[in-house]
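# Coordinate analysis (summary)
Below are the chains, spelled out letter by letter.
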Amino acid sequence: MNKIYYFLFLSLLLGACAKEDALEPTGANDDHFTVPATATDPESVMRREFYEQTGVHLLFNDTLRREQRGTFEDGSPRWYTETLDLGYSMTGNNDAPELTYLQTDLEKEKAVEFVEKYILPHMGQAVRPYSFLMLNTIYGKDPDAYRRGNLNYYVGMRTMALSMDPVLKLETEKEYATHCITIFQSYVKSKLKLLDAAVTEPFELISDEWYYKKYADFDEDFWDNYDKLDAQGDDAGIDAYCKDIANQCGFIQTDTWSCRFPWYASDDLEDFVKAVLGTPEEEFMEMYEDYPLVREKYTIVQKIIADMGFIF
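Residues numbered from 1 in each chain as written. Predicted model: local features only at pLDDT ≥ 70, side-chain atom pairs only at ≥ 80, totals over all residues. Heavy atoms only, no water.

Attention shifts here to the sheet that holds strand β7 (residues 131-135). Spatially, 4 strands are ordered β1-β7-β11-β10 in an open sheet, and the strand pairing comes out mixed. Of all the strands in the sheet, the pair left with one neighbour each is β1 (57-59) and β10 (153-155). Each strand axis lies, on average, 20° off the axis of its neighbour in the sheet, ignoring direction. Looking at chain direction, β1 and β7 are connected through 3 bridges and run parallel. Note on β7: the bridge partner recorded for Leu-58 is Phe-132. Packing of helix α2 (residues 42-54) onto the sheet brings it into contact with β1 and β7, and relative to β1 it is tilted by some 150°. (Pairing = 2+ DSSP bridges. Helix = DSSP H or I, 4+ residues; strand = E, 2+ residues; numbered from the N terminus. Axes fitted to C-alpha atoms, helices over the stretch in contact; angles between N-to-C directions. Contact = heavy atoms within 4.5 Å.)

This is how it looks when you write it as structure tokens:
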């Protein structure tokens, strides 16, 4: 008898399940970055054309949508606002930067021109952000200086925010190049942290025996020679002497104060990232023609950056 009740119960359960609708995720296809085809105002047209040409969304405000969701007891509307939430990350929620927006169509047009001419040509699809948020100013924590201040750019989960305040003050091509190199150096550095350690290992192994060490570990007569130059007041001679030792061991950073090599491979790698992005290959190779280890490390970092998707 118990078996009969069991089978009856199981049949009812299966029948109930069969009548339920299949579960589907909600909001999975919501897209609040794309400009509706019906929007014809100048800013919407500009944003839509930018996406069609580049595959990257364009924003001038961190608010993605604002919609009414009912009312409060007093009858006033209850609004829901979705923003980019720049401070959000998969591992936590950092202090979001303070933003000010571009006000005129002319400023926005110049922002688009800046991205198209100076930023996107150096970013392959693999390293392009999902969207660009073009702003007047960005004030927040500088990841390199570990302090708060005005930032040239800020990368969030769904966007790369760029400050136009310093850009609008630039005049010459050299000034534009210097500004953009600073942005790319910092951006590449942040991307390097995401790479597997095996990618940068060949670079680190070249000078591995000298990290944490002092110049005197390389040249046992270092301090005698240093003191002689110092007694003669030959600061240029000291600089050249220290630079030669650093270069022989594969470093481009020179320390004439504590006279030691970089403590960490990450610092060494950062020096070469700046060199690769800031110095043309031919010029760099000529500058370090007598230092094969330096030249080899430059080539390795150059390939790492190119493989990531950056275009020189």
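Picking up after the structure, the text goes on.
Our focus in this paragraph is unusual backbone geometry. At Tyr-212, a residue that is not glycine, the phi angle is positive and equals roughly 75°. Judged by relative accessible area, Tyr-212 falls into the partly exposed class, the value being 48%. Located in the positive-phi region is Cys-259, a residue other than glycine, with phi close to 55°. Accessibility expressed as a relative area gives 0% for Cys-259, which makes it buried. (Buried < 20%, exposed > 50% of the residue type's maximum accessible area, 1.4 Å probe, protein only.)

Another point: α2. Structurally, the α-helix is built with 3.6 residues per turn, so residues lying three or four positions apart point the same way. For α2, spanning 13 residues, the distance from its first C-alpha to its last is 18 Å, which sits close to the expected 18 Å at 1.5 Å a residue. Turning to α2, its buried residues are Ser-44, Met-46, Arg-47, Arg-48, Phe-50 and Thr-54. Tucked inside the fold, the buried residues of α2 contact β1, α3 (105-119) and β7. Once α2 ends, the next one or two residues include Gly-55, with phi positive near 80°. (Expected span 1.5 Å × (residues − 1).)

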